[in-house]
Amino acid sequence: MGRVYNFSAGPAVLPEEVLKEAAEEMLDYKGTGMSVMEMSHRSKAYDEIIKEAEKDLRDLMGIPDNYKVIFRQGGASLQFAEVPMNLMKNGKAAYIITGQWAKKAAAEAEKYGEVVRVASSADKTFSYIPDCSDLDIPEDADYVYICENNTIYGTKYKTLPNTKGHILVADVSSCFLSEPIDVSKYGVVYGGVQKNVGPAGVQIVIVREDLIADGPAFKQCPTMMDWKIQADNDSLYNTPPCYGIYICGKVFKWIKKMGGLEGMKAHNEKKAKILYDFLDSSKLFKGTVVPEDRSLMNVPFVTGNEELDKKFVAEAKAAGFENLKGHRTVGGMRASIYNAMPIEGVEKLVAFMKKFEEENA
Ligand SMILES: *Cc1c(COP(=O)(O)O)cnc(C)c1O
């Protein structure tokens, strides 16, 4: 049994090379006689792993020196609370609602202060990114929050919102390291890694130092959710998700070898173009997102007929294309074509879709 083409939205495909390397090191990591899973997080070997992971991430993203990098447990969803707990000093924040994850983040933040929803694309099932060039952002808002790539609906911001001097907080879970970004434009960039960077259980928070200098906005903020404490302890306040961070470190090295984020972007654009070009020319399949806001990572599509959608997902699975069913809230199909999805995976999927289209015309 070979490996399938895995189009899962997350946890998702990882580079085969990384998995093989991890397998080779499973029983004896570099002469330590133990697996990374069995190792103290205070050991010299582990210290090198986590320091090198941070260094490689900083290199890849060009993270300025005045930003802290925190490796965390808890999933991206924990950030929905951590963001307001750490940043909502005036008790108010602006949220742009572009899908489920932004909606959930806003609802969670509302537990801690006032949330002003300054824009939304709910009117058209989140199939576009609203115009964010001139938003009505309250003067005293502590931050403007976006979900930069909407995993479920397949939209992506192509230009960042005009925050009018407020700091920008972005959930980049599903576009992490998919293309270069200018970190200095953000106050906080965070994401769960299980979409594009590593195994579930790790999240990465990149935060501008001055925003956490005085500690969290709320005194009651649990120690584990306090970014300053996490940063001051170099992500080793308690036991971090050691093995997950080790795999992330390997993925960072793989991305470097693939030409860094520029290389990744070219690779991802090539794949997305193959799929979108086909969707635009197909008589059966149709993309659900307006062309100008299409994600490079998550590509939702439909046939317009629920029975046919189901048939497609089942036949695709039998042919070795896994996890093409759309999110339960939107139906249809979704192909997630993250960094580690090879080009031939997308080419073969399109060939399969063409055949399906002919057979079901
Ligand atoms: C998957 C996802 C989340 C939730 O991640 P968890 O780690 O399961 O909490 C949040 N935001 C975005 C954009 C996602 O894609």
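Since this is a predicted model, take the numbers as computed values, not measurements.

**Q** What is the right way to read the side chain of Gln-203 from this model?
**A** On the secondary structure map, Gln-203 appears in strand 10 (residues 203–208). Of note is the side chain of Gln-203, whose polar atom sits 2.9 Å from the backbone oxygen of Gly-75.

**Q** Help me out: how do you make sense of the nonpolar core in this one?
**A** If you look at soluble globular proteins, the nonpolar side chains tend to sit buried side by side. If you look at the biggest cluster of nonpolar residues, it comprises 92 residues, and the most contacted ones within it are Leu-177, Ile-204, Ile-206, Phe-252, Leu-275, Phe-285 and Phe-312. With 10 residues, helix 7 (residues 242–257) is the single largest residue contributor to this core. Summarising the domain contributions, this core has at least three residues from each of domain 1 (17–257) and domain 2 (259–360). Counting 29 residues, the second-largest nonpolar core is a separate cluster that includes Ile-70, Ala-106, Ile-167 and Tyr-190.

**Q** Looking at this structure, I do not really get the domain arrangement of the chain. What am I missing?
**A** Reports of interface size often rely on the accessible area that becomes lost once the parts have come together. Assigned domains within the chain: domain 1 (17–257) and domain 2 (259–360). Put simply, the middle of domain 1 and the middle of domain 2, counted by C-alpha atoms, are 27 Å apart. In this complex, domain 1 contributes 28 residues to the contact, which on the side of domain 2 involves 25 residues. A combined buried area of about 2200 Å² lies between domain 1 and domain 2, and 56% of that area is made up of carbon and sulfur atoms. For the interface between domain 1 and domain 2, the tally reads 0 salt bridges. Taken together, domain 1 and domain 2 are joined by 16 residue pairs in polar contact (both at pLDDT 80 or more). Of all the secondary structure elements, the ones that give two or more residues to the side of domain 1 that touches domain 2 are helix 2 (44–61), strand 6 (149–150), strand 7 (155–156) and helix 7.

**Q** Any chance you could explain the site of the ligand here in plain terms?
**A** Taken together, 13 residues surround the ligand, and among them Ser-77, Thr-151, Asp-171, Gln-194 and Lys-195 come closest. Measuring from an oxygen atom of the ligand, one finds a side-chain N or O atom of Thr-151 at 2.4 Å. If the ligand stood free it would expose 390 Å²; the protein chains cover 86% of that surface. Take the shell around the ligand: its biggest share by element is 4 residues, from helix 3 (residues 75–87). Split into classes, the residues belonging to the shell around the ligand amount to 4 nonpolar, 7 polar and 2 charged.

**Q** Explanation requested: the layout of surface pockets in the structure shown.
**A** Summary: where empty space remains is shown by rolling a probe the size of a single water molecule over the atoms. Empty space within the largest pocket amounts to approximately 370 Å³. Lining the largest pocket are 21 residues, with Arg-3, Val-13, Leu-14, Glu-16 and Ala-340 sitting closest to its centre. In terms of residue count, the dominant contributor to the lining of the largest pocket is helix 1 (residues 16–24) (3 residues). Each residue belonging to the lining of the largest pocket can be placed in one class, and the counts come to 14 nonpolar, 4 polar and 3 charged.

**Q** When you look at unusual backbone geometry in this model, what are you seeing that I'm missing?
**A** Leaving glycine aside, a negative phi is the common case for residues, and trans is the common case for peptide bonds. Backbone torsion omega between Gly-10 and Pro-11 reads -15°, so that peptide bond is classified as cis. Note that Pro-11 resides in the loop between strand 1 (5–6) and helix 1. In this structure, Lys-164 is a non-glycine residue whose phi angle is positive, near 50°. Mapped onto the elements of the fold, Lys-164 is located in the loop between strand 7 and strand 8 (168–171).

**Q** Looking at this model, I keep getting lost on helix 9 (residues 306–318). Mind explaining?
**A** For an α-helix the count is 3.6 residues per turn, leaving residues at separations of three or four pointing the same way. With 13 residues, helix 9 ought to run about 18 Å at 1.5 Å a step, and its terminal C-alpha atoms sit 19 Å apart, in line with that. Of the residues making up helix 9, those classed as buried are Leu-308, Asp-309, Phe-312, Val-313 and Ala-316. For helix 9, the arc enclosing every buried residue in end-on projection is 140°, short of the 170-degree limit, so these residues lie on one face. In helix 9, the exposed positions angled more than 90 degrees off the buried face are occupied by Glu-307, Lys-310 and Ala-318. Each element contacted by the buried residues of helix 9 is listed here: strand 12 (298–302), strand 13 (321–322), strand 14 (333–336) and helix 10 (343–359). For helix 9, the N-terminal capping position is held by Asn-305, with its side-chain oxygen 2.9 Å away from the main-chain nitrogen of Glu-307. Just beyond helix 9, the residue with positive phi is Gly-320, at close to 95°.

**Q** What is the right way to read the UniProt feature "binding site: pyridoxal 5'-phosphate" (unreviewed entry) in the chain from this model?
**A** With numbering matched to this structure, UniProt assigns "binding site: pyridoxal 5'-phosphate" (unreviewed entry) to Ala-76, Ser-77, Trp-101, Thr-151, Asp-171, Gln-194, Asn-238 and Thr-239. Across 164 residues, the annotated set is spatially dispersed, with a maximum C-alpha separation of 30.6 Å. Tracing the chain through its elements places Thr-151 in the loop between strand 6 and strand 7. Residue Thr-151 is classed as buried on the basis of its relative accessible area of 5%. Dropping the residues within four chain positions of it, Thr-151 is found in contact with Ala-9, Trp-101, Ser-174, Lys-195, Asn-298, Arg-334 and Tyr-338. By secondary structure assignment, the location of Asp-171 is in strand 8.

What counts, and where the lines are drawn
Residues numbered from 1 in each chain as written. Predicted model: local features only at pLDDT ≥ 70, side-chain atom pairs only at ≥ 80, totals over all residues. Heavy atoms only, no water. Helix = DSSP H or I, 4+ residues; strand = E, 2+ residues; numbered from the N terminus. Polar contact = N/O pair within 3.5 Å; in protein donor to acceptor, adjacent residues only side chain to side chain. Core = buried A, V, L, I, M, F, W, Y, C linked by side-chain atoms within 4.5 Å. Buried < 20%, exposed > 50% of the residue type's maximum accessible area, 1.4 Å probe, protein only. Domains from an automatic or database assignment. Contact = heavy atoms within 4.5 Å. Buried area = accessible area lost by both parts, 1.4 Å probe. Salt bridge = Lys/Arg side-chain N within 4 Å of Asp/Glu carboxyl O. Near = heavy atom within 4 Å. Areas by Shrake-Rupley, 256 points an atom, 1.4 Å probe, with all protein chains shown as cover. Nonpolar A, V, L, I, M, F, W, Y, C, P; charged D, E, K, R; others polar. 1 Å grid on protein atoms, 1.4 Å probe; cavity = no way out; pocket = protein on both sides within 12 Å on 5 of 7 lines; lining within 4 Å. Points joined across faces, edges and corners; volume = space filled by probe spheres on them. Expected span 1.5 Å × (residues − 1). Arc of directions from axis to C-beta. UniProt positions renumbered as here; feature names shortened; annotations may be inferred.

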